[in-house]
Amino acid sequence: MAVSSPGRVLLTGASGKLGSYLLRELCSQDKSVVAWSTRSDVELFGCRCRRVDVRQPDDVVAAYREASPDVVIHTAALSGVGDCYRDPTRARQTNTIATRLLADLAARHEARFVYTSTDLVFDGKKAWYVETDCLTPLSVYGSTKAAAERSVLHYPRHLVLRVALLFGPSLNDRVSFFDQQVQAVESGESCVLFEDEWRTPLSFQTAARAILTVADSEVSGLLHLGGPERMSRLEMGQRMARAMGKSDASCKAAKREDVASGEPRPRDTSLCGDRWARLFPDFHRPTYEEELAEMRVGQAWQ
Ligand SMILES: NC(=O)c1ccc[n+]([C@@H]2O[C@H](COP(=O)([O-])OP(=O)(O)OC[C@H]3O[C@@H](n4cnc5c(N)ncnc54)[C@H](OP(=O)(O)O)[C@@H]3O)[C@@H](O)[C@H]2O)c1
């Protein structure tokens, strides 16, 4: 795989769950980074984020010119499925329109463009989705990301990376679902998890490393990035409890039909990683237990 040598990286969504892992990794590699966030004056890992609301096109154009990046890693999004359902206009502005503008700017200025899309562009009626499968989103979130993908793929040298469900401790000041689950397992509280919803989960840390690997390459088009194992959310909770040396009895099974939600939830959006494995045979995608073991090292789990 031919590898380019990127200079300055523009990272959008740098204060988000995935963005903060990416920023930490970029800073540890001493890369030249321009980090955008919606928050003013946030400093993360020694890098001061610039406040840019991607829904403001004039601000985006001005800040892009100032950044003058060689590579753009675009993770900024309205990422909550419920938030998008409640405010579809904002979802479209943030996820679709802003992505189109950034993809256009990167193409015009000959920068590499890596866009983080989602497994929720699929309806989950199949399993082990491949890159060529048709887009069938069920939610506003999935639809806005699918529309964004089309704008990015308009440029043959841009890359859409469809990322599976991510997990891991939060590096920013917001408590993640994973943090809550760890807390629940530690305190023996019961935790209700779907037994009929399957994903191919991957840690934020591995995803960040993978995204930087692919950003350094010349791979373009569509690429799926998920963990090597397909598992239900219930199984994720049970295996986490056991990895922490606790009983998995606190993980209670629920079915999707038991829980009211505004939009249908996709059943199985597991992503096939064959293209990834062919392109990056040396990149190890750890098993769930390997991921959990790596997180425990040096963490406050015991
Ligand atoms: N987490 C997952 O399991 C997962 C799975 C598949 C794909 N993805 C994709 O990965 C990317 C990152 O997801 P995440 O989980 O890290 O989400 P997140 O924690 O919600 O982070 C989203 C980031 O986008 C920023 N943002 C939101 N609205 C913005 C606006 N109008 N202008 C500028 N920035 C804005 C947020 O800024 P503030 O921090 O300032 O609010 C935040 O930094 C998204 O594209 C998501 O679709 C995530």
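Structure shown above.
Residues numbered from 1 in each chain as written. Predicted model: local features only at pLDDT ≥ 70, side-chain atom pairs only at ≥ 80, totals over all residues. Heavy atoms only, no water.

The subject of this paragraph is the packing of helix α1 (residues 17-28) against helix α7 (residues 204-215). Running from amino to carboxyl end, α1 crosses α7 at an angle of 60 degrees, the nearest separation of the two axes being 9 Å. Taken together, the axis directions place α1 and α7 in an arrangement best described as oblique. Considering only the axes of α1 and α7, their crossing is right-handed. Every residue of α7 that contacts α1 at K17, L18, Y21, L22, R24, E25 and L26 is listed here: F204, Q205, A207, A208, R209, I211 and L212. The class makeup of the residues in the contact of α1 with α7 is nine nonpolar, one polar and four charged. (Axes fitted to C-alpha atoms, helices over the stretch in contact; angles between N-to-C directions. Helix = DSSP H or I, 4+ residues; strand = E, 2+ residues; numbered from the N terminus. Parallel < 35°, antiparallel > 145°, perpendicular 65-115°, else oblique. Left-handed = near helix turned anticlockwise from the far one by under 90°. Contact = heavy atoms within 4.5 Å. Nonpolar A, V, L, I, M, F, W, Y, C, P; charged D, E, K, R; others polar.)

Attention shifts here to the nonpolar core. In this structure, I73, L161, V214, L223 and W276 are the most contacted members of the largest nonpolar core, which totals 37 residues. When residues of this core are traced back to their parent elements, those giving at least two are β1 (9-12), α1, β2 (33-37), β6 (71-74), β8 (159-163), α7, β13 (221-225) and α9 (274-279). A per-element tally of this core places α7 first, with eight residues. Counting 24 residues, the second-largest nonpolar core is a separate cluster that includes L10, V34, V72 and L101. (Core = buried A, V, L, I, M, F, W, Y, C linked by side-chain atoms within 4.5 Å. Buried < 20%, exposed > 50% of the residue type's maximum accessible area, 1.4 Å probe, protein only.)

Moving on, we get to the environment of R285. As for its position among the elements, R285 is in the loop between α9 and α10 (288-296). A relative accessible area of 18% means that R285 is categorised as buried. Separated by 260 residues in the primary sequence, R285 and E25 place their C-alpha atoms 17 Å from one another. Those residues within four positions of R285 in sequence are excluded, and the remaining contacts are G226, G227, P228, G273 and W276.

Here we come to the site of the ligand. By nearness alone, 28 residues border the ligand, and S15, L18, T38, S79 and Y141 come closest of all. The separation between an oxygen atom of the ligand and a polar side-chain atom of S37 is 3.2 Å. K145 places a side-chain nitrogen or oxygen 2.7 Å from an oxygen atom of the ligand. Here the ligand has 890 Å² of accessible area as a free molecule, and 91% of this is covered by the chains. (Near = heavy atom within 4 Å. Polar contact = N/O pair within 3.5 Å; in protein donor to acceptor, adjacent residues only side chain to side chain. Areas by Shrake-Rupley, 256 points an atom, 1.4 Å probe, with all protein chains shown as cover.)

What follows covers the pairing of strand β7 (residues 112-118). Counting buried positions over the seven residues of β7 gives seven, a clear majority of the element. As defined by bridge partners, β6 adjoins β7 across four bridges and the pair is classed as parallel. Looking at the pairing, H74 lines up with Y115 of β7. With five bridges joining them, β7 and β8 adopt parallel strand pairing. By the bridge assignment for β8, S117 is matched with R162. Taken together, β7, helix α5 (residues 140-153) and β8 constitute a β-α-β crossover, and its handedness is right-handed. (Pairing = 2+ DSSP bridges. Right-handed = clockwise from strand over helix to strand, strands pointing away.)

Fair warning: the whole summary comes from geometry, so function is off the table for now.
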